[in-house]
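Next come the chains, spelled out residue by residue.
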There are 2 protein chains.
Amino acid sequence: MERQIYLENTAWQEGLALMMEKLAGRCVPRNESLDVRLALHRITGAIVRAKRSSPHFAASAMDGYAIRAKDTHGISEREPRWLELGIQAVQVDTGDPIPEGMDAVVMLEDVLELGEVGILLQAPVVPYNHVRPVGEDIVEGEVLLPIHHRIRPQDQGALLAAGVLEVEVRSKPRVGIMPTGDEIRSPESTLQVGDIVDSNSTVLASLVEEWGGSATIWPITPDQPEKLEEAIQKMAASQDILVIIAGSSQGRDDYTSQMVQKFGTLYLHGVAIKPGKPVVLGEVQGKPTFGVPGYPVSAYLTAHLFLEPWVKHLQGLSKDSQATLDAVISKKVFSSLGSEEFVRVKVGRVGDRWVAAPLSRGAGVTMSLVRADGMLRVPRLQEGFHEGETVPVELLRPISELEETLVCIGSHDLTLDVLSSHMKAKGGQGGIASAHVGSLAGILSLRKGEAHFAGIHLLDPETGEYNRSYLQRFLPGRDVLLMNLVYRTQVFIVPKGNPMNIKTLADLAKPGIRFINRQGGSGTRVLFDYLLQKQGLTKEQILGYEREEFTHLAVAVAVASGSADVGLGIQSAAEALGLDYVFVGEERYDLAIPQEFMREPRMKEMISVIQSKAFQDDVLALGGYDVRDTGVFY
Amino acid sequence: MERQIYLENTAWQEGLALMMEKLAGRCVPRNESLDVRLALHRITGAIVRAKRSSPHFAASAMDGYAIRAKDTHGISEREPRWLELGIQAVQVDTGDPIPEGMDAVVMLEDVLELGEVGILLQAPVVPYNHVRPVGEDIVEGEVLLPIHHRIRPQDQGALLAAGVLEVEVRSKPRVGIMPTGDEIRSPESTLQVGDIVDSNSTVLASLVEEWGGSATIWPITPDQPEKLEEAIQKMAASQDILVIIAGSSQGRDDYTSQMVQKFGTLYLHGVAIKPGKPVVLGEVQGKPTFGVPGYPVSAYLTAHLFLEPWVKHLQGLSKDSQATLDAVISKKVFSSLGSEEFVRVKVGRVGDRWVAAPLSRGAGVTMSLVRADGMLRVPRLQEGFHEGETVPVELLRPISELEETLVCIGSHDLTLDVLSSHMKAKGGQGGIASAHVGSLAGILSLRKGEAHFAGIHLLDPETGEYNRSYLQRFLPGRDVLLMNLVYRTQVFIVPKGNPMNIKTLADLAKPGIRFINRQGGSGTRVLFDYLLQKQGLTKEQILGYEREEFTHLAVAVAVASGSADVGLGIQSAAEALGLDYVFVGEERYDLAIPQEFMREPRMKEMISVIQSKAFQDDVLALGGYDVRDTGVFY
């Protein structure tokens, strides 16, 4: 198959509108009849009316006696009257039917005297007194639910009470999802170099379920035209919507566009969005058909933009409007003109404002979707946003959860995960949202009011002291508390067995030893530079000094995968990956907390967790930590 | 069994706290291992860590050539160099693995010349240039998800990419739900007088599913001690939480409390809430056990207050905080001291404020739960709220849906249901929320700014004209538009075959003819009084003049059920219930719309629906309507 290289650059809204215009009239919702008890969360496909009234009989609204109102005419305090039990008065409890011929109820409390054979009344009673009339709750023929209503538990109750056992609901749109590509493997496979796990199918199928559809995942189809053709035709025969996920390498979506052209109509190949540009829109056998790029973030985003409206359309619904909030953006976002870019952000409420921190923008970074609290759109004709600008953010998590989250920006340490988990274990919604940018950047975030606290471990080379002098330098005049989280052991992380026999810093300068560094501004980088200087070494002598990773674990992985021979990092990271290590020194890892956040309930909760034995025991179990000052303020 | 009559009156929060204190330590979450692909929306039962890095091999980030960086040392524009294809340079696509020994990628665009056997470069390349390192997305050992996290589609993707196929999730708490009572019938049954349909079991089971539990509905158990005992013991043996729904008549919950006392421990019988007071809290065989009142609203409310926290607790979660908003209350709410009362309200945004309108407060009124948009709490030591007071409302529907809803307060007409359904059919979230309070009360709602429009049909006896004079009288100086919705036929609604042979108004004054009236302020009541006056009749001559219903359908049901011989109402209501009718006259039913709401998009949409042929055809199909002026402004 030849590659078709030129992609179009239409706005995605136009692409969607074009597709709706061509197909929406032909692809319409179907209905099915369903037992009301199985219809939770289904969408009504017609107005639902009551089949009987409720109550369906006149019932007593009180405990008392059913009587005939006309038997009480003329009764007064001066002329009380006895009504004969069993004939003129019948005892009823709340909910009991009013006996034939009776038309009112006297409450127990309104009976002057209760005799063996009668009750004595001293006031007349009007007809229908204390009677729940037929249809008080539901009237036969009344509209119970409108069309396009998502059935809730209480709706099921009303339908059953009204004698409706079967309800017309929208059939779930059937969505066929086909992963393609020679390098794509099912999650069970043992992966070889070059293999890619098919995680997209599961993500898209789950999204389809959330949107009310029913997804079927097709077997992974290799890049062979005849196999793709066969699979697409089979899928078109049984599904309402077709989704073809391309492999992840470039140009792969061309197969899809050619296939759509061959068996149906190609409307558009390529829209002006980032990520997700090479999306394919068309129809095969009259079914809306989507070619979705293989990069996880692109697949997720294009599914939201194009697939969701169609799954909704086939249920007669329009796409829900997304909850948004206005947030201050924590760093400049640059975006190229011509594409609408979708940037994943973390969101937190710090003080009285919401702050949005952009996450990694790579289309392959699955974790950016896991970590994201919201999505920021940079319009096509805009080059981005300035730091500090207020921008609308579409939320991916409920606002109540974000309200309860503490934002931590700073250095990475594994105990922060343990801490967040301990807070979550208490059943709260929040926990800690942490961004790993290094100690110095953490302090700057506090200055800008973007975080509730920062994890820092900054050695002052002048004094040999940790942290305090940096706060004084970068946050002068601010009342910031320092609390110890842990002491931790910094080590040289080396492969199992230490094949290069690294023992001291001097060994790192030997020819051929490949080092992996941490980013500038991280405490570990400061420490490394300090050690080099003390030893009289220069960075030029260290091969790989310019290769930077952002976390201890990433450094350990570089060593584990053989792309580096040694890195400086914390002992627990080496232990997590089963690597060997050489002791370098102990350092103090503190939390810097601006005084104004100390009063927040979630901050108090965090501090109580840090001071608990259960948390400290879990920290010790990681290895390489000392908790002698954990939870202590300086 | 003896009745135990004295209920306690503890605050519900104390009751719940007591139960948690006694049982929470013994009843703890269980975990199970689950295929990640089946784990959507499940709750993690432990921290989830990556089992492998992703990418798990160094991959090219660009289309180009993989090379060894050191082969490019010293290259410059003045000293370009050829790298031999297949040996020093290997063509790679995005995503391809970096071949063994290579450590960097040159982009296609950076190759100066592409020859048969080599590529010409004019600049040196640094190691790891355009290489996605191992673990760029996910690092082995890294925390992917915290404990107590609800798994989303994107989380499933990250887990699969990280080699996690099985995930530890919380087992769904098993909740046994047992309906009891001699008068309770399954929904399939043909109902006799006195029978009550069991709708509560389905409502509670669906709520449990929404809260993450797994519900099993037990057979309906009659009020026989030995049968109840057997059922409770069986339920305790297999379930984590027991719910016993009492019949609806008073005192029935005593069976439950005695049973709990016999087989376990009764903590509390009766809490200070309204509705729902006689709730039973206890444990049987160490399982949290709830006795829930049989009235539908009481059952729903007590489930939210007591059952939800327990279903969440057994998953390690705390109850989500409810979304609330501040709304102006549209009429005085009176509540007795000593009980915390929960009032269902409709909520709408009219102009720039939210308005909450209280719904029926009967514990048996299922439809109040269907219609409710929110719940208002009147604290124990408060006697209610004043009209116009701003109160917090807990929302039962998403705020985005409420934003798009038009609030209609006024007279009831069946075409309003058709109208709302046509608007919903267009796929919008909103539609019309209508409260049926009669024409005059509708006009007063407009005056108070509580509605976007009112449906009115008020005859001016002086002029024989409709509506306009009432607006002038009650909304002087306000710019309110009148648009015709329909002309409709008012009739005397009589039983099939017209057994009392009613032909004219005069027949209603005959002895023994039982009339059913509409409430004061309704257009139909105004019409009836006008007709009486014209005929020279007095209300004392009409038997049943004081019996009032709030809708046309309710009047028709009173006739259909035999509790009245005749009522005045619209023809379509008679037709809906298959009744006969006698023509009385045609009347004009208009919508009164304050000018300031004409600009709202949802109002424009409504008007366009009213003016559409599709809507008018559906109205004509109801019978008794004329659409000659439908959509016309006066």
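Given the structure is predicted, the values throughout are model-derived calculations rather than measurements.

### Observations regarding the overall build of chain A
- The secondary structure content of chain A amounts to 16 helices and 37 strands.
- Over its C-alpha atoms chain A spans a radius of gyration of 35 Å, topping by over 25% the 26 Å that the globule rule assigns to 634 residues.
- The principal-axis extents of the C-alpha atoms in chain A amount to approximately 115 × 70 × 45 Å.
- Out of the 634 residues belonging to chain A, those deemed buried represent 60%.
- Residue pairs in contact within chain A that sit at least 24 positions apart in sequence constitute 76% of those at least 6 positions apart.
- Accessible surface, chain A: about 24,800 Å² in total, of which carbon and sulfur atoms supply 52%.

### Structural notes on the nonpolar core
- Core analysis: the largest hydrophobic core is formed by 61 residues, its most contacted members being Phe453(A), Leu591(A), Met603(A) and Met606(A).
- Setting aside its immediate chain neighbours within four residues, Leu591(A) contacts Leu416(A), Phe453(A), Ala454(A), Gly455(A), Leu481(A), Leu482(A), Met483(A), Leu485(A), Met606(A) and Ile610(A).
- If you look at the next biggest cluster of nonpolar residues, it comprises 60 residues, including Leu416(B), Tyr470(B), Met606(B) and Ile607(B).

### Details of the relation of the copies chain A and chain B
- Least-squares fitting of chain A to chain B yields an RMSD of 0.1 Å, with the transformation described by 0.0 Å of translation along the axis and a rotation of 180°. Classification of the inter-copy transformation places it as that of a two-fold axis. Scanning chain A for the C-alpha nearest the rotation axis identifies Pro398(A), at a separation of 5.7 Å.
- A symmetric contact is evident, with 100% of the interface residues of chain A recurring at the interface of chain B.

### Describing the packing of helix α1 (residues 12-23) of chain B against helix α6 (residues 296-313) of chain B
Residue and element names in this part refer to chain B.
- The N-to-C vectors of α1 and α6 enclose an angle of 30°; their axes lie 10 Å apart at closest approach. Between α1 and α6, the angle is such that the two are roughly parallel. You can see that α1 and α6 cross each other, and the crossing is right-handed. Contact residues: Trp12, Leu16, Met19, Met20 and Leu23 in α1; Leu305, Phe306, Pro309, Trp310 and His313 in α6.
- Across the contact of α1 with α6, the residue classes break down as nine nonpolar, one polar and no charged.

### Description of the domain arrangement of chain A
- Each assigned domain of chain A is listed with its residue range as follows: domain 1 (12-28 + 172-313), domain 2 (31-54 + 137-170), domain 3 (59-132) and domain 4 (486-626).
- Distance from the C-alpha centre of domain 1 of chain A to the C-alpha centre of domain 3 of chain A: 71 Å.

### Considerations on the environment of Ala576(B)
- Locating Ala576(B) in the fold gives a position in helix α14 (residues 571-576).
- Remark: the alpha-carbon pair of Ala576(B) and Phe550(B), spanning 26 residues in sequence, is separated by 17 Å.

### Some thoughts on the sheet that holds strand β8 (residues 113-114) of chain B
Residue and element names in this part refer to chain B.
- Here three strands make up an open sheet; going across it, the order is β5-β9-β8 and the pairing antiparallel. Two strands bound the open sheet, and with one partner strand each, they are β5 (81-84) and β8.
- Of the strand pairs in this sheet, β8 and strand β9 (residues 118-121) are connected by two bridges, and their pairing is antiparallel. Among the inter-strand pairings, Leu114 is bridged to a residue of β9, identified as Ile119.

### Considering the side chain of Gln156(A)
- Tracing the sequence through the fold places Gln156(A) in helix α2 (residues 153-161).
- Polar contacts involving the side chain of Gln156(A) include one to the main-chain carbonyl oxygen of Val36(A), which spans 2.9 Å.
- Setting aside residues no more than four positions away along its own chain, Gln156(A) makes contact with Val36(A), Arg37(A), Leu38(A), Ala39(A), Leu40(A), Ile151(A), Thr202(B) and Ser206(B).

### Overview of the confidence of the model for chain A
All names here are of chain A.
- On average, residues of chain A score 91 in pLDDT, and 97% of them reach the 70 mark or higher.
- Note on residues 1-5: pLDDT is under 50 here. Beyond four places in sequence and across chains, it has 14 contacts.
- Across the predicted assembly, pTM comes out at 0.90 and ipTM at 0.90.

### Regarding the interface of chain A and chain B
- Counting from both sides, the interface comprises 92 residues of chain A and, opposite them, 93 residues of chain B.
- Interface area, chain A with chain B, both sides summed: about 8,000 Å², of which 58% is carbon and sulfur.
- Linking chain A to chain B there are four salt bridges.
- For the salt bridge of Arg371(A) with Glu142(B), the shortest nitrogen-to-oxygen distance reads 2.5 Å.
- Linking chain A to chain B there are 20 residue pairs in polar contact (both at pLDDT 80 or more).
- Residue assignment for the side of chain A that touches chain B shows that the elements contributing at least two residues are β11 (143-145), α2, β15 (196-197), α3 (200-210), α7 (366-371), α9 (414-425) and α13 (552-560) of chain A.
- Broken down by element, the side of chain A that touches chain B gets its largest block of residues, eight residues, from α2(A).

### What about the sheet that holds strand β17 (residues 241-245) of chain B?
Residue and element names in this part refer to chain B.
- A sheet is described by the order of its strands in space; here six strands give the open sequence β16-β13-β17-β21-β20-β18, paired in mixed fashion. For this open sheet the edge positions go to β16 (214-217) and β18 (264-269), each flanked by a neighbour on one side alone. Strand-to-strand, the axes of this sheet are offset by a mean angle of 20°, without reference to chain direction.
- Bridge count for strand β20 (residues 280-284) against strand β21 (residues 287-292) is five bridges, and the pairing is antiparallel. Counted as the bridge partner of Gly282 is Thr289 from β21.
- Strands β18, β20 and β21 of the sheet are contacted by α1, whose axis makes an angle of about 10° with β20.
- Contacts between helix α4 (residues 225-238) and the sheet are confined to β13 (174-179), β17, β20 and β21, with β13 contributing the most and set at about 170° to the helix.

### A look at the packing of aromatic side chains
All names here are of chain B.
- All chains considered together, the criterion is met by six aromatic pairs over all chains.
- Consider the rings of Trp12 and Phe306, whose centres lie 6.2 Å apart with planes at 85°: the pair is edge-to-face. On the criterion of sequence distance, the pair formed by Trp12 in helix α1 and Phe306 in helix α6 is long-range, its members being 294 residues apart. Each member of the pair, Trp12 as well as Phe306, is classed as buried.

### Here we look at α3(A)
- Most of α3(A) is tucked away, with nine of its 11 residues classed as buried.
- Within the sequence span of α3(A), burial applies to Asn200(A), Ser201(A), Thr202(A), Val203(A), Leu204(A), Ala205(A), Ser206(A), Leu207(A) and Val208(A).
- Where α3(A) is buried, its residues touch β13 (174-179), β16 (214-217), β17 (241-245), β21 (287-292) and α6 (296-313) of chain A together with α2 (153-161) of chain B.
- The positive-phi residue at the C-terminal boundary of α3(A) is Gly212(A), with phi of around 95°.

### Considerations on the side chain of Gln315(B)
All names here are of chain B.
- Within the fold, Gln315 resides in the loop between α6 and β22 (324-329).
- Taking relative accessible area as the criterion, Gln315 reaches 4% and is therefore assigned buried.
- Within the local environment of Gln315, its side chain forms a polar contact with the backbone oxygen of Val311, the two atoms lying 3.0 Å apart.
- Among all residues touching Gln315, those that are not within four sequence positions of it are Pro29, Ile43, His148, Arg170, Ser171, Pro173, Trp211, Gly212 and Gly213.

### Here's the deal with the pattern of salt bridges
- As enumerated under the stated definition, the model contains 68 salt bridges over all chains in all.
- Close ionic contact of Arg37(B) with Glu188(A) constitutes a salt bridge, the shortest N to O distance being 2.6 Å. Of this pair, Arg37(B) sits in the loop between β1 (31-35) and β2 (48-49) while Glu188(A) sits in the loop between β14 (184-185) and β15, on two different chains.
- Judged by relative accessible area, which is 28%, Arg37(B) ranks as partly exposed.
- The exposure class assigned to Glu188(A) is partly exposed, which follows from its relative accessible area of 46%.
- Counted as one network, the salt bridges with shared partners bring together Lys346(A), Asp373(A), Arg397(A) and Glu401(A).

### Regarding unusual backbone geometry
- In the segment running from Lys274(A) into Pro275(A), the intervening peptide bond is cis, with an omega of -5°.
- Tracing the backbone through its elements, the reader meets Pro275(A) in the loop between β19 (273-274) and β20 (280-284).
- Located in the positive-phi region is Asn467(A), a residue other than glycine, with phi close to 70°.
- For Asn467(A), the location among the structural elements is in the loop between β31 (454-456) and α11 (468-474).
- Take Asn467(A): its relative accessible area is 0%, and that puts it in the buried class.
- Not every positive phi belongs to a glycine, and Asn498(B) is a case in point at roughly 45°.
- Mapped onto the secondary structure, Asn498(B) falls in the loop between β32 (480-494) and β33 (515-518).
- For Asn498(B), a relative accessible area of 17% translates into the label buried.

The rules behind the values
- Residues numbered from 1 in each chain as written.
- Chains lettered and ligands numbered in written order.
- Predicted model: local features only at pLDDT ≥ 70, side-chain atom pairs only at ≥ 80, totals over all residues.
- Heavy atoms only, no water.
- Helix = DSSP H or I, 4+ residues; strand = E, 2+ residues; numbered from the N terminus.
- Rg over C-alpha atoms; globule rule 2.2 N^0.38 Å.
- Buried < 20%, exposed > 50% of the residue type's maximum accessible area, 1.4 Å probe, protein only.
- Contact = heavy atoms within 4.5 Å.
- Areas by Shrake-Rupley, 256 points an atom, 1.4 Å probe, with all protein chains shown as cover.
- Core = buried A, V, L, I, M, F, W, Y, C linked by side-chain atoms within 4.5 Å.
- Least-squares fit on C-alpha atoms with pLDDT ≥ 70 in both.
- Axes fitted to C-alpha atoms, helices over the stretch in contact; angles between N-to-C directions.
- Parallel < 35°, antiparallel > 145°, perpendicular 65-115°, else oblique.
- Left-handed = near helix turned anticlockwise from the far one by under 90°.
- Nonpolar A, V, L, I, M, F, W, Y, C, P; charged D, E, K, R; others polar.
- Domains from an automatic or database assignment.
- Pairing = 2+ DSSP bridges.
- Polar contact = N/O pair within 3.5 Å; in protein donor to acceptor, adjacent residues only side chain to side chain.
- pLDDT = per-residue confidence, 0-100.
- Buried area = accessible area lost by both parts, 1.4 Å probe.
- Salt bridge = Lys/Arg side-chain N within 4 Å of Asp/Glu carboxyl O.
- Phe/Tyr/Trp six-rings, centres within 6.5 Å; stacked < 30°, edge-to-face > 60°.

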